[in-house]
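Results of the structural survey
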Amino acid sequence: MEWLRRLMMPAQGSEFAKEIDNMYMGLFWLSVVLFLMIAIPTVYFAWRYRYRPGRVTPHNTHNTTLEITWTVLPLLLCVAIFFWGLKGWMEYAVAPGEAMEVQITAKKWLWQFEYPDGSRTINDLHVPINKPVKFIMTSEDVIHDFFVPDMRVKHDIIPGRYTEVWFNPTVHGQHVITCAEYCGKGHSDMHAVLTVDNDAEFAKFLETGGTEWEDYFNGKDPKKTPADWGKVQYETKGCNSCHTIDGSKSKGPTWKGIYGHMVELNNGTSVLVDDDYLRESMLYPNAKVVKGFEPIMPTFQGLLKENQIKGLQAFIKSLQ
Ligand code: HEC
Ligand SMILES: [Cu+2]
């Protein structure tokens, strides 16, 4: 009956998939059997006891054995199904402690994924194979619903609240993610791709900080330039808590108008602000300390990916 399951269900991409399909198909066949147990005798009796002139209908009151049987057996069956479902639900509801955490932000009409190291992607989810992943989800506007058919996972995403869901992907390759809660005119476009990577692929994916940055470097969208990517970093990596972009002084020097000019250092020398100096300032902030400032900037080594440094350089360059 495997062909029927394949016909009725999506591919099995997670550990849940097998269990859920077993239960679904189990209930399906149970329904088929019960249906036949009722329908066949009904048709047979309708024919067997059809109207015949002169036939007298026998008068039956009840049959205790029969009635107890058809009450107790289905009861036991229902209780068994309940515990079967409960067991599955308990596994589904609580992620294992070692699960990797991915934050999902849903908004009209896209999916944003954020990984433990801060890497981000849009509509493009990557997870390592055979490792549990837990999703912590919230919405910026209306109710959406994270639905990954191959994983047999489907969960509402609610504004102002966090909901969680998890799975353990077992099939390498791409799977569909879609929104399963009507969320407005772009609802049907609200899908994403789940890529289940092997360990090496996933490590490489994280190394470059996801794939969102690619949109800013391919030149396709005039509103997404490397400098715009740098601005995103400025705001999300905390640079804006010490650096301004309007010329005013903060805990650190402003970034406005520094590119291409000489800057005085606290050791009495000066240095030209170019890409190399900017990179060095981010990765080794104490190597050259700007005159008039304390060496309080933390190193961003390991925290900024190559594409983020490039974006920041372009952003600072654009602030003339
Ligand atoms: C805790 C405050 C703080 C944070 C956060 C911070 N910086 Fe700085 N930054 C400073 C200070 C203070 C200086 C000046 C002293 C020095 O050169 O180390 C500085 C200097 C710099 C310089 C050299 C500027 C110049 O005028 O020559 C660059 C470039 C820079 N920071 C980039 C960054 C980037 C990029 C980020 C975010 C990823 C960042 N900083 C986050 C405090 C900070
Ligand atoms: Cu939606």
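Residues numbered from 1 in each chain as written. Chains lettered and ligands numbered in written order. Predicted model: local features only at pLDDT ≥ 70, side-chain atom pairs only at ≥ 80, totals over all residues. Heavy atoms only, no water.

1. Re the site of ligand 1
Rules: Put simply, a residue is near a molecule or strand once any heavy atom of it comes within 4 Å of that molecule or strand. Distance and chemistry together define a polar contact, namely a pair of N or O atoms within 3.5 Å, with one atom able to donate a hydrogen and the other to accept it when in protein, and with adjacent residues in sequence counting only for side-chain atoms on both sides. We place a 1 Å grid over just the protein atoms. Points where a 1.4 Å probe fits but has no way out form a cavity, open points with protein on both sides within 12 Å along at least 5 of 7 lines form a pocket, and any residue with an atom within 4 Å of a point lines it. Just a note on the criterion: a molecule sits in a pocket or cavity if more than half of its atoms are within 2 Å of the grid points.
In the vicinity of ligand 1 lie 25 residues, with C239, C242, H243, Y277 and M297 positioned nearest. Between ligand 1 and Y277, the relevant distance is 2.5 Å, taken from an oxygen atom to a side-chain nitrogen or oxygen of the residue. In this structure, an oxygen atom belonging to ligand 1 sits 3.1 Å away from a main-chain N or O atom of P285. Comparing atom positions with the cavity grids shows ligand 1 to sit within the largest pocket.

2. Re the coordination of the iron atom of ligand 1
Cut-off, in case you're wondering: Excluding water, the donors of a metal are its N, O and S neighbours within 2.8 Å, or within 3.2 Å for Na, K and Ca, and that exclusion means sites may look incomplete. For four-coordinate sites, all angles between 85 and 135 degrees define a tetrahedron; for four- and six-coordinate sites, opposite donors beyond 155 degrees with the remaining angles between 65 and 115 define square planar and octahedral shapes respectively, and all other cases count as irregular. A run of DSSP states H or I qualifies as a helix once it reaches four residues; a run of E qualifies as a strand once it reaches two. Both are numbered from the N-terminal end. Note on classification: 1.4 Å probe, protein chains only; a residue is buried when its accessible area is under 20% of the maximum for its type, exposed when over 50%, partly exposed between these limits.
Protein coordination at the iron atom of ligand 1: the donors are H243 (NE2) and M297 (SD), at 2.0 to 2.1 Å from the metal. Coordination at the iron atom of ligand 1 comes from six donor atoms whose angles at the metal span 88 to 179 degrees, giving a geometry best classed as octahedral. One end of the pair, H243, is in the loop between α6 (226-236) and β11 (262-264); the other, M297, is in the loop between α7 (275-283) and α8 (306-318), and 54 residues separate them in sequence. Here H243 falls in the buried class, since its relative accessible area comes to 10%. Judged by its relative accessible area of 29%, M297 falls in the partly exposed class.

3. Remarks on the pattern of salt bridges
Selection rule: Note on definitions: salt bridges are taken to be side-chain nitrogens of Lys or Arg within 4 Å of carboxyl oxygens of Asp or Glu.
Across all of its chains, the model carries 12 salt bridges by this definition. Here K131 and D199 are joined by a salt bridge, their closest N and O atoms 2.9 Å apart. Of this pair, K131 sits in the loop between β4 (124-128) and β5 (133-139) while D199 sits in helix α4 (residues 199-207), placing them 68 residues apart in sequence. On the accessibility criterion, D199 (46% relative accessible area) is partly exposed. A salt bridge links E264 to K291; the shortest N-O distance between them is 3.3 Å. With E264 in strand β11 and K291 in the loop between α7 and α8, the pair connects residues that are 27 residues apart, well separated along the chain.

4. With respect to a positive patch on the surface
Quick note on the threshold: Note on patches: the residues involved have over 30% relative accessible area and no salt bridge, like charges join within 9 Å, and the nonpolar side chains Val, Leu, Ile, Met, Phe, Trp and Tyr join within 5 Å. Computed with a 1.4 Å probe, the accessible areas rest on the Shrake-Rupley method; for each residue, only the protein chains presented here act as cover. None of His or the chain ends enter the tally, which takes Lys and Arg as positive and Asp and Glu as negative. Note that the charge is assigned to NZ on lysines, CZ on arginines, CG on aspartates and CD on glutamates.
Together, R48, R50, R52 and R55 give the surface a local cluster of positive charge. Assessed through its relative accessible area of 31%, R50 is described here as partly exposed.

5. Focus: the domain arrangement of the protein
Filter applied, for reference: Segmentation of the chain into domains, including their bounds, is taken from an automatic or database domain assignment.
Domain boundaries assigned for the protein yield domain 1 (2-51 + 61-93), domain 2 (100-214) and domain 3 (220-318). A C-alpha centroid distance of 66 Å is found between domain 1 and domain 3.

6. With respect to the sheet that holds strand β3 (residues 120-122)
Heads up, the rule is: Strand pairing is assigned whenever DSSP detects at least two bridges linking the two strands. Geometry is summarised by axes, namely lines fitted to C-alpha atoms with helices restricted to the contacting stretch, and by angles between N-to-C directions that run from 0 to 180 degrees.
Sheet architecture is open: five strands sit in the order β3-β2-β1-β5-β8, paired in mixed fashion. Two strands close off the open sheet at either side, each with one partner strand: β3 and β8 (163-167). The average undirected angle you get between the axes of adjacent strands in this sheet is 25 degrees. Of the pairings in the sheet, the one linking strand β2 (residues 110-114) to β3 comprises three bridges and is antiparallel in character. Bridging from a neighbouring strand, Q112 pairs with I122 of β3.

7. A word on the packing of α6 against α8
For clarity, the threshold we go by: Oblique is the label for any angle not covered by the other classes, which are roughly parallel (under 35 degrees), roughly antiparallel (over 145) and roughly perpendicular (65 to 115). By the convention used here, residues are in contact when the closest approach between their heavy atoms is within 4.5 Å. In this classification, the charged set is Asp, Glu, Lys and Arg, the nonpolar set is Ala, Val, Leu, Ile, Met, Phe, Trp, Tyr, Cys and Pro, and all remaining amino acids, among them Gly, are polar.
Between α6 and α8, the shortest axis-to-axis distance is 6 Å and the interhelical angle comes to 105 degrees. By the angle class used here, α6 and α8 are roughly perpendicular. Within the contact between the two elements, α6 uses P226, A227, W229, G230, K231, Q233 and Y234 and α8 uses N307, Q308, G311, L312, A314, F315 and S318. A class-by-class count of the residues in the contact of α6 with α8 yields seven nonpolar, six polar and one charged.

8. Description of the nonpolar core
For the record, the criterion: Residues enter a nonpolar core if they are buried and are Ala, Val, Leu, Ile, Met, Phe, Trp, Tyr or Cys, with the set joined through side-chain atoms within 4.5 Å.
Core analysis: the largest hydrophobic core is formed by 32 residues, its most contacted members being W111, F113, L125, F135 and F146. Looking at this core, the element that brings in the most residues is strand β1 (residues 100-107), giving four residues. If you look at the next biggest cluster of nonpolar residues, it comprises 21 residues, including L278, L283, I309 and I316.

9. Details of the coordination of the copper ion (ligand 2)
Protein coordination of the copper ion (ligand 2) is provided by H144 (ND1), C179 (SG), C183 (SG) and M190 (SD), with donor distances spanning 2.0 to 2.6 Å. The site at the copper ion (ligand 2) holds four donor atoms, and with the angles between them running 89 to 125 degrees, its shape is tetrahedral. For the copper ion (ligand 2), all donor residues lie on one chain, and their spacing in sequence is H-x34-C-x3-C-x6-M. Of this pair, C179 sits in strand β9 (residues 173-179) while M190 sits in the loop between β9 and β10 (191-197), placing them 11 residues apart in sequence.

10. Some details on unusual backbone geometry
Omega for the peptide link from K108 to W109 comes to -5 degrees, which places this bond in the cis form. Of note in this structure, N123 is not a glycine but carries a positive phi near 55 degrees. Among the structural elements, N123 can be located in the loop between β3 and β4. Assessed through its relative accessible area of 27%, N123 is described here as partly exposed. The phi dihedral of R152 falls on the positive side, at around 55 degrees, and the residue is not glycine. We classify R152 as buried; its relative accessible area is 10%.

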